[in-house]
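Spelled out, the chains give:
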Amino acid sequence: MKRKKMKKLAALALAAAMICSTSACGNDSTGDTGQSSNSSNTSSQEGNAQGSQGSQEIVTVKWVLPGDPQEGTPEVLDAINAKLAEEGLKLDLQLEPFGSYNDKMNMMISSQEEFDLCFTTGGWMNFYLPNVAKGAFVDITDMIDEYASDLKNAIPDFLFDQVKVKDRIYAVPNYQISYTCCGLIAQTEFLKKYDFDLSTVTKYEDLEPFLQKIVENEPGYYPILWEIGTLDYNNDYILVDESAGIRICFAKDDPEMKVMFQKDLEKQLFALGNDWWKKGYIRSDMATMVDDTADRIAGKYVVYGGAVIKPGGEAERTSATKDSIAFTQVGLTVPFVSSISGRSSMTAISSSSKHPEAAMKLLNIVNTDKEIFNLLNYGLEGRDYTKNAEGKVVKAENPKYFISAGWSMGNQFNLDLLEGQADGVWEETDRINREADISPVSGFSFDQAKVSSEIAKIAAVKEEYKSLAFFDNWEVRFDEYMNKLDAAGLDTYLAELQRQLDEWRAENL
């Protein structure tokens, strides 16, 4: 579809929205945050899962994604669905805030609620391997060739290899940054104001003088967003598995590849977090805070710790703020492709889906059709964004829809560049993806069937103690945490992981 045709669709959608608002149809927006109820409750999503347009049957695909609900979703879906109708498809996009997405998916999966697509990761949220083990996701190995050959050709083979479980594929990896580079992203305004050179930071402790300035002089701001589990800047260990929510590694210089849970490093990070919490660098309610989406959008965090560092990352962060705040980033680790990089962001088909083939077809389109992918991310041109003289996306002052999270939806390289992103950013990212050092155990896939119970218990313990740094008695809680991990079967889990890794090494190395 040409750009003129897409603009015409956007104009028609806007006109329909204006008519709808004057006749009191659809949902009214509430507040200034751009939030509304999920799209399935809007006029554009009425009807059954299957309908018809003329003589062609239309199948509705329900996709649940993490993200802040958008007031302008109905009009965006109207534009998307006008094109999807040509393929006999219709999208029902449902956004669930990041803070509640895990609980939402656990509830939907356990109750066998019908839906088609969802976001899943190896060890961040909506865990991939546990869901595969309990049959929550469809085996799509053969479906990819039949219904999504274009998608398969667009994504590197090594990513599909990394998401395999017993040589079968249960999710499509979202093609984005494939290497890991952990670091810091900070608001440029404050770095300049306090003459702080972020590039001089080589470890988190180096940041303290800057954080102290924010505490002393910037009331109303949180110096740093601290997310335990993302702050590892140690380049000396190779990640093997995180299916239980904890990082299992082996030392890079260990020829035997003996796996371990780095208890000492975990304790160091909790100790640093507690120290910063007491000093006021971390928000006081961090232990009980559930959803901080509004604070992120408003730019209340001066620094993001444990951020993913990538080409164009500053502009992407800028676009996620209401006032287009400028950011500066620095990496603290060497770019490295881990053995499970492909599992950092994936899309799976639910076993509760009544039309998995249609869901697979939709994934093929989303990953290869640039116009639809840009609509999904940026909304309607002229309402939610404009383009500058360079043809780059400029977010509107008060957009009704603007997600800008292609990494969670599909092939991010199909996105139009944001204002501030350098030309060639996708080509540069792809180059680093292919040139970065790759884990020596890339292709190893842990079968957790024999220790699924232990993994579930360990994950529950991790969830219970994830905020222990933000309590005065954190050391007592840390000892409890370690004891409960042991009781949950940590040693059994490690032994099974080691056994499988040793077998894999004997056959492949």
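I will try to describe carefully the structure that is included in this document. Predicted model, so just to flag it, every value in this text is computed and none were measured.

**Considering the overall build of the protein**
Along the protein, the regular secondary structure elements total 18 helices and 19 strands. Looking at the 509 residues of the protein, the share that counts as buried comes to 55%. Contacts spanning at least 24 positions in sequence make up 76% of the contacts within the protein whose residues lie at least 6 apart. Summed over its atoms, the accessible surface of the protein is roughly 22,100 Å², and 47% of this surface lies on carbon and sulfur atoms.

**Brief notes about the sheet that holds strand β11 (residues 248–251)**
With antiparallel pairing, the three strands of this open sheet are ordered in space as β10-β11-β12. Each of the sheet's edge strands pairs with one partner strand only, and the pair in question is β10 (237–241) and β12 (260–261). Taken together, the four bridges between β10 and β11 define a ladder with antiparallel strand orientation. Looking at β11, one finds that L239 is bridged to C249.

**Topic: the packing of helix α10 (residues 263–279) against helix α17 (residues 474–488)**
Look at α10 against α17: their axes get within 11 Å of each other, and the N-to-C directions meet at 150 degrees. Judged by the angle between their axes, α10 and α17 are roughly antiparallel. In terms of crossing hand, the pair formed by α10 and α17 is right-handed. In this structure, α10 contributes K263, E266, K267, F270, A271 and N274 to the contact, and α17 contributes W474, F478, Y481, M482 and D486. Looking at the contact of α10 with α17 residue by residue, the class counts come to six nonpolar, one polar and four charged.

**Observations concerning the sheet that holds strand β14 (residues 327–331)**
Strands in a sheet are paired, the pairing made by backbone hydrogen bonds, and the direction either parallel or antiparallel. Strand order across the open sheet formed by four strands is β9-β13-β8-β14, with mixed pairing between neighbours. Bordering the open sheet on either side are β9 (222–225) and β14, each of which pairs with just one other strand. This sheet shows a mean twist of 15 degrees between the axes of neighbouring strands, independent of strand direction. Bridging between strand β8 (residues 182–187) and strand β13 (residues 301–308) involves five bridges; their strand directions are antiparallel. Bridging from a neighbouring strand, A186 pairs with V303 of β13.

**Brief notes about the environment of N153**
Relative to the helices and strands, N153 is located in helix α6 (residues 149–154). Its relative accessible area of 67% is what places N153 among the exposed residues. Sequence separation between N153 and T368 is 215 residues; the distance between their C-alpha atoms is 9.7 Å.

**Considering helix α13 (residues 356–368)**
Taking 1.5 Å of rise per residue, the 13 residues of α13 would be expected to cover 18 Å, and the 19 Å separating its terminal C-alpha atoms lies within 8% of that figure. With 10 of its 13 residues buried, α13 lies for the most part within the structure. Every buried residue of α13 is accounted for by P356, A358, A359, M360, L362, L363, N364, I365, V366 and N367.

**Notes on the nonpolar core**
Generally speaking, a soluble globular protein has its nonpolar side chains buried in company with each other. In terms of nonpolar packing, the biggest core is built from 75 residues, with L207, F210, Y481 and Y493 touching the most fellow members. With residues up to four places along the chain from it excluded, the contact list for L207 reads L184, F196, L198, V201, I224 and V303. Residues V76, Y101, L375 and M409 belong to the second largest nonpolar core, which totals 74 residues.

**Comments concerning the pattern of salt bridges**
Under the defined criterion, the tally for this structure stands at 31 salt bridges. As a salt-bridge pair, D486 and K263 come within 3.5 Å of each other at their nearest N and O atoms. One end of the pair, D486, is in helix α17; the other, K263, is in helix α10, and 223 residues separate them in sequence. D275 serves as the salt-bridge partner of K279, at 3.1 Å between the closest nitrogen and oxygen. On the criterion of helical spacing, the pair formed by K279 and D275 is a turn pair, its members being four residues apart in helix α10. The exposure class assigned to D275 is partly exposed, which follows from its relative accessible area of 27%. Each of the salt bridges in this network shares a partner with another, and the network as a whole consists of E75, R383 and D384.

**Concerning the environment of K152**
Of note, K152 is situated in helix α6. A sequence separation of 215 residues divides K152 from N367, and the C-alpha atoms of the two residues are 9.4 Å apart. Ignoring sequence-local partners within four residues, the contact set of K152 consists of I144, D145 and F160.

**Details of the packing of aromatic side chains**
Within the structure shown, the criterion is met by 26 aromatic pairs. Ring centres of F444 and W504 lie 6.1 Å apart, and the angle between their planes is 70 degrees; on these two criteria the pair is classed as edge-to-face. In this pair, F444 sits in the loop between β19 (437–438) and α16 (452–465) while W504 sits in helix α18 (residues 490–508), placing the two residues 60 residues apart along the sequence. This pair shows no difference in class: F444 is buried, exactly as W504 is. Every member of this aromatic cluster is reached through a ring pair, and the members are F98, Y101, F119, W124 and W407.

**A look at α10**
With 17 residues, α10 should reach 24 Å at 1.5 Å per residue; the first-to-last C-alpha distance of 24 Å fits that figure. When we look at burial in α10, the residues that qualify are L265, E266, L269, F270, L272, G273, N274, W276 and W277. On its buried face, α10 sits against α9 (208–217), β9, β12, α16 and α17. G280, located one to two residues past α10, shows a positive phi value of around 90 degrees.

About the thresholds
- Residues numbered from 1 in each chain as written.
- Predicted model: local features only at pLDDT ≥ 70, side-chain atom pairs only at ≥ 80, totals over all residues.
- Heavy atoms only, no water.
- Helix = DSSP H or I, 4+ residues; strand = E, 2+ residues; numbered from the N terminus.
- Buried < 20%, exposed > 50% of the residue type's maximum accessible area, 1.4 Å probe, protein only.
- Contact = heavy atoms within 4.5 Å.
- Areas by Shrake-Rupley, 256 points an atom, 1.4 Å probe, with all protein chains shown as cover.
- Pairing = 2+ DSSP bridges.
- Axes fitted to C-alpha atoms, helices over the stretch in contact; angles between N-to-C directions.
- Parallel < 35°, antiparallel > 145°, perpendicular 65-115°, else oblique.
- Left-handed = near helix turned anticlockwise from the far one by under 90°.
- Nonpolar A, V, L, I, M, F, W, Y, C, P; charged D, E, K, R; others polar.
- Expected span 1.5 Å × (residues − 1).
- Core = buried A, V, L, I, M, F, W, Y, C linked by side-chain atoms within 4.5 Å.
- Salt bridge = Lys/Arg side-chain N within 4 Å of Asp/Glu carboxyl O.
- Phe/Tyr/Trp six-rings, centres within 6.5 Å; stacked < 30°, edge-to-face > 60°.

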